[in-house]
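One-letter residues, chain by chain:
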Amino acid sequence: MNRLSNEKSPYLRHSAEQKIDWYPWSEKAFQRAKEEDKPVFLSTGAVWCHWCHVMAKECFENSEIVELLNENYICIKLDRDERPDIDRRFQQAAVAMGSGGGWPLSMFLTPDKKPFFGGTYFPPEDSQGSPGFKKILRTVMEFYKTKRGDVDQYTQKLTNYLKPDKLISGEIGISMVDIVINDMLSESDAQNGGFGTAPKFQMPGAMEFLINHYCIAEKKSIKTVITNTLNAMAKGGFHDQIGEGFHRYSTDEAWIIPHFEKMADDNAWLLRNYIDAYSVFGDACFRAVAEGIIRFIREVLSDPEGCFYASQDADVTPDDEGGYFTWTDEEFKSVLNSEEYEILPMHLFHERGAMRHDRSKKVLYIAMDIQIIAEKTGKDIKTVSEIVNAGKNKLLRKRKTRETPFIDKTFYTSINCMLITSYLKAFRVIRDNALREFALKSLERIVAMHFAGNELLHTYGVKAVLDDYIYLTEAFVNAYEVTSDSFYLNQADRLMELCTKRFWDENEGGFFDTDEEVLGIRLKGIEDIPHPSANSLGILLLLKLYHLTGKDEYLRHSEKALKIFASRAKGMGIHSGYYFCALDAYFHQLKLTIHSAPDSELAKTALSLFSPYTSIAYGDERGYVLPCVKTECYEPLTTTEEIRTFLMGRRG
């Protein structure tokens, strides 16, 4: 009996027709495991996940595997987007077992929820010296039956290992920032942009930290890493060259072949990076990429009534990875006219974009710049640009006739609020009122659906985790900054008070990821994996709210958290990017009190000019802006030019 057909999660419902006796995560499943003395097989994944679909087709529709699972195990299916708290703990268990992390995650548990074996994707049969899922199912069952003492001993050791180490408070200083800047620069890839080797993730927290600190230090080496990375990502197949927006990550060092799923949270953070980089460097290409992200989100991941969907699937079918997004030469010929076919393959169609499973299918990426094409063909740049744009529009229209990948229309509080904040940040720079209106409409709707009394939900029927509280608080703060409406500031203050009450560690400091133990553990992370840690963003918000409300406890909490995570953050390089945003903000926070209406030129100028670690407050409409750093305030700024001069003067 498969019990998934009535679940809210699209991922679980996608498994509802399988002949496996699936349970959703529930006490009933574990109670049955105890009664029948069977181990639990837990499969956790997501509706956007290519390899989850592959394993589902290869294994969960295989009659022999279905029989092995139903006879010997209690089977549970978990959506990692719906229950990130549970998934996070089992991911850590998988890493501790030496099998790495990722999705699908395949874990074997005792009836009391303790893991004793696991991995990620398993093929049905033995392959290249590694056991297949059939053999694993038989071996694990035999081990569980005959070595119960070993199972119990191992699970206890693993459970103890997963419990977080005690953190010891350290000293903080501005010199820490210089050290981590050097660490990040040493991790950067000068040839391909980004950091480290394949697979490559965008690491938006590190990028935001570098952009912010460049405005303080203006070091050429920092600018080089920022611009190289943003340009390389924008030119790669990691960036959808005709449909815009970004895929989840790059499988190669050069950002050419992506994992094709498109995630709302990834695009939210990349929108921030590109809009900030445009503000700082004035590069029109960065603005164009940011506006492309907005178009993708509006057309694919937005509900017209307000709020944002969670993701777009990687594939239409697991047999054709990236099939919706890739092209053959024959398809190019059939869609483009002769002039376009002369130019577009030079620009976007290259052998390095060939898919591994079918080399005739190519990921489009910018293999040759328009200027070089103009030189090679003898055409002027304007003509080549027009041909490219016309050809890309034809390709996009043709692609829209294909069967499209599944859109997960679940509303998650954290993901919605990431995008709300990103939209409001973009509005401040490009002054598109539609962004502001949709963001505020979405904020109102997500609050109406998920925040009643003092109870916040992650999604329907699932209580909130730390990320939901933090990102909703950030959205309220940003809504206040663009509207001057004190309602939003009061809501941010109220929510942060709830957050510290429920998640703050009174002993050490810092925020736990859940308000109570999950699987016997409360985690307190600072790593950006890959988007910024909620703890780090929480510290930044504590600092902002201290400046906006004057509440000393917010400053004390931020200082305590910075100190407790200091030792851990020092050794994490790019994965501690947002912690160092918070630390940098602690030393450089600026408060601008706008004594003018939010639609005045003074306010618009103050809002639109990029200045790192700046809090916006509003006062009486006396026609000036008052800048303050810590306890020192400067002369009031009465003209837009004075505001511009002051903010630009903070650099370097």
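See the structure shown above.
Presented here is an overview of the structure given in this document.

Rules used in this analysis
- Residues numbered from 1 in each chain as written.
- Predicted model: local features only at pLDDT ≥ 70, side-chain atom pairs only at ≥ 80, totals over all residues.
- Heavy atoms only, no water.
- Disulfide = S-S within 2.5 Å.
- Buried < 20%, exposed > 50% of the residue type's maximum accessible area, 1.4 Å probe, protein only.
- Phe/Tyr/Trp six-rings, centres within 6.5 Å; stacked < 30°, edge-to-face > 60°.
- Helix = DSSP H or I, 4+ residues; strand = E, 2+ residues; numbered from the N terminus.
- Lys NZ or Arg CZ within 6 Å of the ring centre and 35° of its normal.
- Pairing = 2+ DSSP bridges.
- Contact = heavy atoms within 4.5 Å.
- Core = buried A, V, L, I, M, F, W, Y, C linked by side-chain atoms within 4.5 Å.

Remarks on the state of the cysteines
As enumerated under the stated definition, the model contains two disulfides in all. A disulfide bridge connects Cys49 with Cys52, and the sulfur atoms are separated by 2.5 Å. Because the torsion about its S-S bond is 80°, the bridge between Cys49 and Cys52 counts as right-handed. Residue Cys49 is classed as buried on the basis of its relative accessible area, which comes to 4%. With relative accessibility at 4%, the residue Cys52 sits in the buried group. The connectivity of the disulfides in the protein chain is 1-2, 3-4, where the numbers refer to bonded cysteines in sequence order. Lacking any disulfide linkage, Cys417 is separated from the closest cysteine sulfur, that of Cys307, by 8.4 Å. With no disulfide of its own, Cys581 has Cys215 as its nearest cysteine by sulfur position, at a separation of 11 Å.

Quick notes on the packing of aromatic side chains
Given two aromatic rings, one states the distance between the centres and the angle between the planes to describe the pair. On inspection of all chains with the given rule, the structure shows 38 aromatic pairs. Here Trp22 and Phe41 contribute two aromatic rings whose centre-to-centre distance is 6.3 Å and whose plane-to-plane angle is 35°, an arrangement assigned as tilted. Here Trp22, found in strand S1 (residues 22-24), pairs with Phe41, found in strand S2 (residues 40-45); they are 19 residues apart in sequence, far enough to count as distant. An angle of 35° between the planes, with centres 6.0 Å apart, marks the rings of Phe108 and Phe117 as tilted. Look at Phe108 and you get buried, because its relative accessible area is 0%. On the basis of relative accessible area, Phe117 is assigned to the partly exposed category, the value being 33%. We note Lys524 situated over the ring of Phe512; from NZ or CZ to the ring centre the distance is 5.3 Å. For Lys630, the ring lying beneath its charged end belongs to Tyr586, and the centroid distance is 5.7 Å.

A look at the sheet that holds strand S9 (residues 311-312)
If you trace the three strands from one edge of the open sheet to the other, you get S8-S9-S10, paired in antiparallel fashion. Looking at which strands have only one partner, the edges of the open sheet turn out to be strand S8 (262-263) and strand S10 (407-408).

Some details on the side chain of His557
The topology assignment puts His557 in helix H22 (residues 552-564). Of the residues examined, His557 reaches a relative accessible area of 18% and is grouped as buried. Residues contacting His557, with those up to four places away along its chain left out, are Thr500, Trp504 and Leu542.

Observations regarding the pairing of S2
For S2, the buried fraction is high: six of the six residues fall into the buried class. On S2, burial covers both faces: Val40, Leu42 and Thr44 on one face and Phe41, Ser43 and Gly45 on the other are all buried. Across five bridges, S2 lies against strand S4 (residues 105-109) in antiparallel orientation. Paired with Phe41 across the bridge in S4 is Phe108.

Focus: the nonpolar core
Grouped together as the largest cluster of nonpolar side chains are 141 residues, with contacts concentrated most on Phe209, Tyr274, Leu443 and Tyr579. Every residue in contact with Tyr274, bar those within four places of it in the chain, is listed here: Leu230, Met233, Ala234, Phe246, Phe286, Val289, Ala290 and Ile293.

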